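Reading the structure
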Amino acid sequence: NAEYMGTCSNHLTTMTFASLVGACLLVVVAAWGPEGHEATGAIADAFLNANAAKAVSSILNGGTLEKEANWADAVKFQDAYKWSYNLHFIDTASWACKYDPKVDCVNDLCVDAAIQNFTTQVAENHGASYLQSMAEFLGWKFTRSYKPLSPIDAMRFVDHFVGDIHQPMHVSFTSDKGGNDIKGDFSGHHGNLHQVWDSSIIYTRLHTDYKGSAGPWITALVKKAKSDAYKDKVAAWSKCSAASNHGACSAEWAGETAAIACKNGYSNVDGSHIKNNYKLGDEYYKANVDIVEDQIIKGGVRLASILNTIYAEKSVASA
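Fair warning: this is a prediction, and the values are worked out from it, not measured in the lab.

As for its position among the elements, Asp153 is in helix H9 (residues 151-164). Judged by its relative accessible area of 7%, Asp153 is buried.

As a further point, take the packing of aromatic side chains. In this structure the tally under the stated criterion is 15 aromatic pairs. Where Tyr81 meets Trp83, the ring centres are 6.4 Å apart and the plane angle is 35 degrees; that geometry is what we call tilted. Its relative accessible area of 15% is what places Tyr81 among the buried residues. The lysine or arginine in question, Lys226, covers the ring of Phe47, its NZ or CZ lying 4.5 Å from the ring centre. Between Lys233 and the ring centre of Tyr230, over which it is positioned, the NZ or CZ distance is 4.4 Å.

What follows covers the environment of Ser200. Mapped onto the secondary structure, Ser200 falls in helix H10 (residues 193-209). Judged by its relative accessible area of 5%, Ser200 falls in the buried class. Expressed as a C-alpha distance, the spacing of Ser200 and Tyr285, which sit 85 residues apart in the sequence, is 9.1 Å.

In total, this model carries 3 disulfides according to the counting rule given. Note on cysteine connectivity: Cys105 is disulfide-linked to Cys110, with sulfurs 2.1 Å apart. Here the disulfide of Cys105 and Cys110 is left-handed, its torsion about the S-S bond being about -95 degrees. Across the disulfide, Cys240 is cross-linked to Cys249 (sulfur-sulfur distance 1.8 Å). Note on the Cys240 and Cys249 pair: the S-S dihedral is about 105 degrees, so by sign convention the disulfide is right-handed. A relative accessible area of 25% means that Cys240 is categorised as partly exposed.

A sheet is described by the order of its strands in space; here 3 strands give the open sequence S4-S3-S5, paired in mixed fashion. Each having just a single partner strand, strand S4 (189-192) and strand S5 (278-280) make up the two edges of the open sheet. Across the sheet, the mean angle separating the axes of adjacent strands is 30 degrees when strand polarity is ignored. Where strand S3 (residues 183-186) lies against S5, 3 bridges are found, and the strand directions are parallel. Residue pairing for S5: Phe186 is matched across the bridge by Leu280. Along the sheet, H10 makes contact with S3, S4 and S5, crossing S4 at roughly 130 degrees.

Quick look at unusual backbone geometry now. When glycine is set aside, most residues are seen to have a negative phi, and most peptide bonds are trans. The backbone of Asn107 shows a phi angle near 60 degrees, a positive value even though the residue is not glycine. Within the secondary structure, Asn107 sits in the loop between helix H6 (101-104) and helix H7 (111-124). In this structure Asn107 comes out as exposed when scored by relative accessible area, which is 54%. The backbone of Lys211 shows a phi angle near 55 degrees, a positive value even though the residue is not glycine. Within the secondary structure layout, Lys211 lies in the loop between H10 and helix H11 (214-226).

The rules behind each value
Residues numbered from 1 in each chain as written. Predicted model: local features only at pLDDT ≥ 70, side-chain atom pairs only at ≥ 80, totals over all residues. Heavy atoms only, no water. Helix = DSSP H or I, 4+ residues; strand = E, 2+ residues; numbered from the N terminus. Buried < 20%, exposed > 50% of the residue type's maximum accessible area, 1.4 Å probe, protein only. Phe/Tyr/Trp six-rings, centres within 6.5 Å; stacked < 30°, edge-to-face > 60°. Lys NZ or Arg CZ within 6 Å of the ring centre and 35° of its normal. Disulfide = S-S within 2.5 Å. Pairing = 2+ DSSP bridges. Axes fitted to C-alpha atoms, helices over the stretch in contact; angles between N-to-C directions. Contact = heavy atoms within 4.5 Å.

Note that every value here comes from positions in space, so none of it alone points to a role or purpose.
And the structure:
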């Protein structure tokens, strides 16, 4: 599931220059893409309780989850953070449509284990990276034995990885590198299936309904998430086992996302499997745009739930 490192396609040339630049960068570094991760962060910001909001602002030096949402993508190619590259996704067996941690997250090298790790770091307000030593880094070996990571980095990783685990092509098939090796056309523009879910559906939504501007779309998603129509959904998405790690039910979330990858990501509207030289268009977009937006909302709600659990716990502990 190595993320696509190709050239920017021309499918967004009618959008604003800034959005086009974001799209070009997207195929190199992103999961949901900058706008998708920012939306996840903005939704989480909107659902934080007072304790959590205060803690987040303090740890992020006055920043927000929305503003810091793309940091983990920006640094994963830097020497100091290359160890984090493979923590953005989960590779599964083809058409398993489920997540098995023992098989799919060997040595804790996946986004589920990363969420557990960095959630613990945030909760303890000190860190634990997978990296024990430079020798282990050079050998690409990882371990559960942690050494400290800064609180701001731990928060940034939780912020980003909770978004990643809700992107269907980030819990998808090893055999095609998470859809990167399945190439074809979406609305007449050439790319790959991973790219469709990273960017193309979102940018089609922005171009179709928001004049290519992400800000109003993010505002609308936050409003939708806070609406009465979503009240029951939000309550259900926020639930997590009492035995979980501070409300981070990431293995369960990965299972949900794997099922969506099969049902929606890898499947045509008629149920047939998408293969190389696919031609997808308006029908596929309309069938999946609400899925994309609900996954982004889920990520935001669940990110807030983790932080609300952590900082509610801290307030009780200090009482």
